[in-house]
Amino acid sequence: MRIKKHLLCISYGIVLLLFTVYLMLDTFVIPKTYEKIEIDPADTVTDANITKPDEDEIVFTDTEYKDENISITLTKHREYGTDIYVAEIKIASPTLLKSAMAKDTYGQNVNAPVSQIASGKNAILAINGDFYGVNNIRYVIRNGIMYRDIPLENREDIVIYKDGTYGTINESYVSAQQLKENGAYQLFSFGPTLVKDGVVSDTHEHVLNIAGKNPRTAIGFKEPGHMFFVVADGRTNTSAGLTFPELSQFMYSIGATDLAYNLDGGGSTTMYFNGKVVNKPSADGKIVEREVSDIVYIGY
């Protein structure tokens, strides 16, 4: 009797272990392709005044891109024992701020390196996004199209609207459909907010345990059409990474005084410019790109 009971306990333990492994694989590994929730040709955001210039009208170096519609200046900073890369951007139209998904597919665990996604879109500049595909909750609105309307309680998102204005919202208090109707063009759901209305945030709560010094990715605005992409290396012998208070202060110091927001970081942190990765992404203890589900980029 005692042996039978012991065998039942072992069997139960094996079943529980297998179920746990399945849940982990289902959440983080097994790719799932979803159909887009809502695609309407009217959602396509275009600007008839914006055309891609000829190559002889473009200035493009390792640290600068400039044409009649886009100006990008790339600088490297050393703060808090960390290498930080800043792309200061000025664009003539909000349509030049775009997002792309790995393999042009909306889904869960459908991933690719930032450089691969960016090169496939002929991106001039790109950073990793909010890694929407790691789960099946949080709003997803990209390039004016609503893909997911399932809220995550008290998640604060950054929203860029079709007219170029921007702000933050709480998923508990407004629906994705309302945001879409209000003209949401890009929405990124990660956080926390770092700077808002000229004030550096003094609260940095986050649902994930990602405090301390880590690689970071952020987007910030000085005014509509004038923004910053920022990545900070970390978890290496030469770069410790940034805390949220450090990142907040840094974003404010470079001019992102109107709004700054933290995107997915850690091993995802990657900046791509002029056809190559400019920082040192660190994943699993190696200097290597982590595959991600989405990017934010500047391009035509």
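Located above this text is the structure these notes cover.
Read on for a plain summary of the structure. Note that the structure is a prediction, hence the values are computed from the model and not measured.

1. Section: the nonpolar core
A general trend in soluble globular proteins is that nonpolar side chains are found buried together. The biggest cluster of nonpolar side chains holds 32 residues, and the ones touching the most others in it are Ile72, Ile89, Leu125, Phe229, Met271 and Ile298. The dominant element in this core, judged by the number of residues it contributes, is strand S5 (residues 82–91), at four residues. Once residues lying within four places of it in the same chain are set aside, the contact partners of Ile298 are Ile70, Ile72, Ile89, Ile91, Leu96, Leu97, Ala123, Ile124, Leu125, Met227 and Phe229. Membership of the second largest hydrophobic core comes to 16 residues, among which are Val86, Phe228, Phe244 and Leu247.

2. Notes on the sheet that holds strand S2 (residues 59–60)
Read from one edge to the other, the open sheet built from nine strands follows the order S2-S3-S4-S5-S18-S17-S19-S15-S16, with strand pairing classed as antiparallel. Pairing within the sheet leaves two strands with one partner each, and these edge strands are S2 and strand S16 (199–200). Note: S2 against strand S3 (residues 64–66), two bridges, orientation antiparallel. Bridge pairing links Val59 to Lys66 in S3.

3. Brief notes about the packing of aromatic side chains
Taken as a whole, this structure holds five aromatic pairs when the rule is applied. With centroids separated by 5.2 Å and ring planes inclined at 40°, the aromatic side chains of Tyr106 and Tyr147 adopt a geometry described as tilted. With Tyr106 in the loop between strand S6 (97–101) and strand S7 (107–108) and Tyr147 in strand S11 (residues 145–148), this residue pair connects regions lying 41 residues apart in the sequence. The two residues Tyr106 and Tyr147 agree in class, both being buried. One aromatic cluster is present, formed by Phe60, Tyr65 and Phe273 through successive ring pairs. Between Arg216 and the ring centre of Phe244, over which it is positioned, the NZ or CZ distance is 4.1 Å.

4. A look at the pairing of strand S25 (residues 294–298)
Among the five residues that make up S25, five are buried, leaving the element largely enclosed by the rest of the structure. Both faces of S25 are covered, namely the face carrying Asp294, Val296 and Ile298 and the face carrying Ile295 and Tyr297. Here S6 pairs with S25 via five bridges, running antiparallel. Opposite Ser99, over in S25, you have Val296 as the bridge partner. As paired strands, strand S9 (residues 125–128) and S25 are joined by four bridges and run antiparallel to one another. Paired with Ala126 across the strands is Tyr297, a residue of S25.

Rules of the game
Residues numbered from 1 in each chain as written. Predicted model: local features only at pLDDT ≥ 70, side-chain atom pairs only at ≥ 80, totals over all residues. Heavy atoms only, no water. Core = buried A, V, L, I, M, F, W, Y, C linked by side-chain atoms within 4.5 Å. Buried < 20%, exposed > 50% of the residue type's maximum accessible area, 1.4 Å probe, protein only. Helix = DSSP H or I, 4+ residues; strand = E, 2+ residues; numbered from the N terminus. Contact = heavy atoms within 4.5 Å. Pairing = 2+ DSSP bridges. Phe/Tyr/Trp six-rings, centres within 6.5 Å; stacked < 30°, edge-to-face > 60°. Lys NZ or Arg CZ within 6 Å of the ring centre and 35° of its normal.

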